[in-house]
Amino acid sequence: MAAALALAALRVTRRATGAAARLQVRRGCEVREASGVPGGEEVFKAQQAAPGGAAPTIFSRIIDKSIPADILYEDQQCLVFRDVAPQAPVHLLVIPKKPIPRISQAEEQDKQLLGHLLLVAAQTAKAEGLGDGYRLVINDGKLGAQTVYHLHLHILGGRQLQWPPG
């Protein structure tokens, strides 16, 4: 009961620079989300994500086709598919078939693969009509809001993106 009261006391609503802000506390993890701005939920997910381990990731299950995905491109080294929770009109993911948990854990022998991922991202963005521009994002670790510990590049486009991103 005391924990529930403490949790209720921590849920506050306040105004910040004209936009409503929610302070969410879940399992001792504080997440601030500006009203109408995505990301607070993703930060929470990232803080709860397990960095590596023996269990297959959702991406390894997409690679082995045990989970369906809208795959746009596939070769011996990688595949590209549409994100199921898009953050832009076009939101694609480029993943290597080799299970590299984080970009910070890539090694010298991964140089060619990493370059290949960038080239495939550029070719796919062009094929998706993003000639006016797009953003490539790689999240790394908990503080980088990485939610799946299998290296992946986000291709975001189809609208004017804002800066700074977060």
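What you are looking at is a predicted structure, and each value in this text was computed from that prediction instead of being measured.

Novice: An account of the overall build of the chain is requested, with residue identities and associated values reported.
Specialist: The secondary structure content of the chain amounts to four helices and eight strands. Reading the helices (α) and strands (β) of the chain from amino to carboxyl end gives α-β-β-β-α-α-β-β-β-α-β-β. For the chain, the proportion of contacts with a sequence separation of at least 24, taken over those separated by at least 6, is 46%. Counting every atom, the chain has about 10,400 Å² of accessible surface; 56% of that belongs to carbon and sulfur.

Novice: How would you summarise helix H4 (residues 111-127) if you had to cite specific residues and measurements?
Specialist: The end-to-end C-alpha separation of H4 is 25 Å, in line with the 24 Å expected for 17 residues at 1.5 Å each. For H4, the set of buried residues is Leu 113, His 116, Leu 117, Val 120, Ala 121, Thr 124 and Ala 125. The buried side chains of H4 occupy one side of the element, clustering within an arc of 165 degrees when seen end-on. Turned more than 90 degrees away from the buried face of H4, the exposed residues are Lys 111, Gln 112, Leu 119, Gln 123 and Lys 126.

Novice: Report on the nonpolar core, specifying residues and quantitative values.
Specialist: Counting residues in each nonpolar core, the largest one holds 15 residues, and the members touching the most others are Val 94, Leu 117 and Ile 155. Looking at this core, the element that brings in the most residues is H4, giving five residues. Counting residues in each nonpolar core, the second largest holds nine residues, with Ile 62, Ile 67, Leu 93 and Val 148 among its members.

Novice: Can you explain the environment of Phe 81? Please cite residues and give values.
Specialist: Position of Phe 81 among the secondary structure elements: in strand E5 (residues 78-82). A residue is classified by how much of its surface remains accessible, and Phe 81, at 3% relative accessible area, is buried. Here the alpha-carbon distance between Phe 81 and Asp 70, two residues 11 residues apart in the chain, equals 5.3 Å. Discounting chain neighbours no more than four positions away, the residues touching Phe 81 are Phe 59, Ile 62, Ala 69, Asp 70, Ile 71, Leu 72, His 91, Leu 92, Leu 93 and Ile 95.

Calculation criteria
- Residues numbered from 1 in each chain as written.
- Predicted model: local features only at pLDDT ≥ 70, side-chain atom pairs only at ≥ 80, totals over all residues.
- Heavy atoms only, no water.
- Helix = DSSP H or I, 4+ residues; strand = E, 2+ residues; numbered from the N terminus.
- Contact = heavy atoms within 4.5 Å.
- Areas by Shrake-Rupley, 256 points an atom, 1.4 Å probe, with all protein chains shown as cover.
- Expected span 1.5 Å × (residues − 1).
- Buried < 20%, exposed > 50% of the residue type's maximum accessible area, 1.4 Å probe, protein only.
- Arc of directions from axis to C-beta.
- Core = buried A, V, L, I, M, F, W, Y, C linked by side-chain atoms within 4.5 Å.

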